[in-house]
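# What the coordinates show
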Amino acid sequence: MWRLTVPPLLLLLLLCSGLAGQTLFQSPEEGWQLYTSAQAPDGKCICTAVIPAQSTCSRDGRSRELRQLMEKVQNVSQSMEVLELRTYRDLQYMRSMETLMRSLDARLRAADGSLSAKSFQELKDRMTELLPLSSVLEQYKADTRTIVRLREEVRNLSGSLATIQEEMGAYGYDDLQQRVMALEARLHACAQKLGCGKLTGVSNPITIRAMGSRFGSWMTDTMAPSADSRVWYMDGYYKGRRVLEFRTLGDFIKGQNFIQHLLPQPWAGTGHVVYNGSLFYNKYQSNVVVKYHFRSRSVLVQRSLPGAGYNNTFPYSWGGFSDMDFMVDESGLWAVYTTNQNAGNIVVSRLDPHTLEVMRSWDTGYPKRSAGEAFMICGVLYVTNSHLAGAKVYFAYFTNTSSYEYTDVPFHNQYSHISMLDYNPRERALYTWNNGHQVLYNVTLFHVISTAGDP
């Protein structure tokens, strides 16, 4: 198995020549494995590919097959040489016999019934000598058919060798470079289509700004087009009503070009999310979910979340009225909370973003008070084991299979107190409020791309 990272051209050359270093994962049989993340601070795309064992650069298996075919061709060629020598000898013998037969035939025709006993015996003796000719003729015919078959087999084998040679790219550097460029284009196209994958890494933190109190939240719209880079900012964790909307991330960093929204009802906690032009938040001192539309500056809908704890009944480990946490991933809107009925364990519910009705719920079995923070990626709930320094992504619950596993993904908590952590699928990044600092993390996701049926 091989790893491919930027720049792919140089590494693929190393991989194909067997000079690549050790990797951490076994080579997949079902398809390509891609580890993708958001852009690095310098703007470069971060992408690692693990190529299947039977891919273009898989020289081991192909080389063995090539060697076997070459040996077979050599054996066939040697057999043909022996056969050609034998058929040549038989041909010469047949030609001499043909001359003799013509001579006898001429003598018989000239005799015209006047042969003496002696002459007749001589002709008889000659005919006896020619008796093996029939078997020689049959052998020659069989050898001729064999040569035809062997030549056809050699032709087929030569075609197979040419195909394998082409697949291996066993040509000059320029040809290999063209193949690498084509591979890079394929990787890029695949990465563009990828949306979901399993979390395998979280980058070092990127501090965007230090602003506000110890607790708060900030976010972008996960459904907005890429040209829309507005940022929303909400300071504090309870009784707040003031939401600042910055025109761009650059304006947010500089603290300029913003408008203010005053919510009709105050919020509780920091688990808010902006989704398709609306803010979803927990109404203070209640288990009510509020959907506030920014453009119309009005509440479109609000609904109680049945049985959900509130007012610091079931918060995260840091408290802060974080009973209800709203999230958005590739599949839609989610609410994370807990109830008395499930003994304080985290419940994940899929919400209808238009009506706020619960579409389906899962009991993860993980105690919410033991969780530092949580976020959703591709229908998977990831939970950190602390909100303080030394935290890591410790637990993952898969809603598609209703199963869980314990993880060990390092998470660098630079400012030692996280009070908000949300994933943005549009940017493939984590937004964090860390002790008065607004921080971003890139995430690395693991993918398998099926190559079944590929040409």
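Just above, that's the structure.
Read on for a plain summary of the structure. Here the structure is a predicted model, which means the values were calculated and not measured.

This part takes up the nonpolar core. As a rule of thumb, nonpolar side chains are buried together in soluble globular proteins. In terms of nonpolar packing, the biggest core is built from 20 residues, with Leu199, Phe375, Ile377, Tyr382 and Leu430 touching the most fellow members. Breaking this core down by element, the ones donating at least two residues are β4 (198–202), β18 (374–377), β19 (380–384), β20 (392–398), β22 (418–424) and β24 (437–450). If we skip the residues at most four places from it in the chain, Tyr382 touches Gly197, Lys198, Leu199, Glu373, Ala374, Phe375, Ile377, Val393, Phe395 and Ala396.

This part is about the pattern of salt bridges. Any two side chains of opposite charge can pair, so long as their charged atoms come close to each other. A full pass over the atoms with the stated rule returns 7 salt bridges. Across the pair Glu245 and Arg230 runs a salt bridge, and its minimum N-O distance is 3.4 Å. Here the residue Glu245 occupies a position in strand β8 (residues 242–246), and Arg230 occupies one in the loop between β6 (216–219) and β7 (231–235), the gap between them amounting to 15 residues. Here Lys392 and Asp408 are joined by a salt bridge, their closest N and O atoms 3.2 Å apart. Placement of the pair is Lys392 in strand β20 and Asp408 in strand β21 (residues 403–410), with a sequence separation of 16 residues. On the accessibility criterion, Lys392 (25% relative accessible area) is partly exposed.

Okay, the packing of aromatic side chains next. Each aromatic ring pair is described using two quantities: the centre-to-centre distance and the angle formed by the ring planes. Applying the stated rule across the entire model yields 25 aromatic pairs. Considering the side-chain rings of Phe375 and Tyr382, the 5.6 Å spacing of their centres and the 25° angle between planes classify their relative orientation as stacked. A relative accessible area of 0% means that Phe375 is categorised as buried. Its relative accessible area of 2% is what places Tyr382 among the buried residues. What links up through ring pairs into an aromatic cluster is the set Trp218, Tyr233, Phe246, Phe252, Phe258, Tyr431 and Trp433. Arg209 extends its terminal NZ or CZ atom over the ring of Phe252, reaching a point 5.6 Å from the ring centre. One cation-aromatic arrangement involves Lys368 over Tyr316; the distance from NZ or CZ to the ring centre is 3.9 Å.

On to the sheet that holds strand β10 (residues 273–275), then. Taking strand neighbours across the sheet as the criterion, the 4 strands line up as β10-β11-β12-β13 in an open arrangement whose pairing is antiparallel. Each having just a single partner strand, β10 and β13 (298–304) make up the two edges of the open sheet. Strand after strand, the sheet turns through a mean of 25° between neighbouring axes, direction not considered. As paired elements, strand β11 (residues 278–282) and strand β12 (residues 288–293) share 5 bridges and run antiparallel to each other. Note on β12: the bridge partner recorded for Phe280 is Lys291.

Rules behind the numbers
Just so you know, the residues in each chain are numbered from 1, in the order the chain's sequence is written. Reporting of local features is limited, given that this is a predicted model, to residues whose pLDDT is at least 70; pairs of side-chain atoms are given and counted only at 80 or more, and all residues count toward the totals for whole chains, interfaces and linings. Hydrogens and water are ignored here; the side-chain numbers use all heavy atoms of the structure. What is meant by a nonpolar core is a set of buried Ala, Val, Leu, Ile, Met, Phe, Trp, Tyr and Cys residues, joined one to another through side-chain atoms within 4.5 Å. Only protein chains enter the accessibility calculation, which uses a 1.4 Å probe; a residue is then buried when its area is under 20% of its type maximum, exposed when over 50%, and partly exposed in between. Put simply, DSSP marks the helices as runs of H or I at least four residues long and the strands as runs of E at least two long, and each gets a number from the N terminus on. The contact criterion used throughout is that any non-hydrogen atoms of two residues lie within 4.5 Å. By convention in these notes, a salt bridge is any Lys or Arg side-chain nitrogen within 4 Å of a carboxyl oxygen on Asp or Glu. Aromatic pairing here means that ring centres of Phe, Tyr or Trp (its six-membered ring) are within 6.5 Å. Orientation follows from the plane angle: under 30 degrees is stacked, over 60 is edge-to-face, and everything else is tilted. Lysine NZ or arginine CZ positioned within 6 Å of the ring centre and within 35 degrees of the ring normal marks a charge as sitting over the ring. Pairing between strands is defined by DSSP: at least two bridges between the two strands are required. For helices, the axis comes from a line fit to the C-alpha atoms of the stretch in contact; other axes are also lines fit to C-alpha atoms, and the angle between any two N-to-C directions lies between 0 and 180 degrees.

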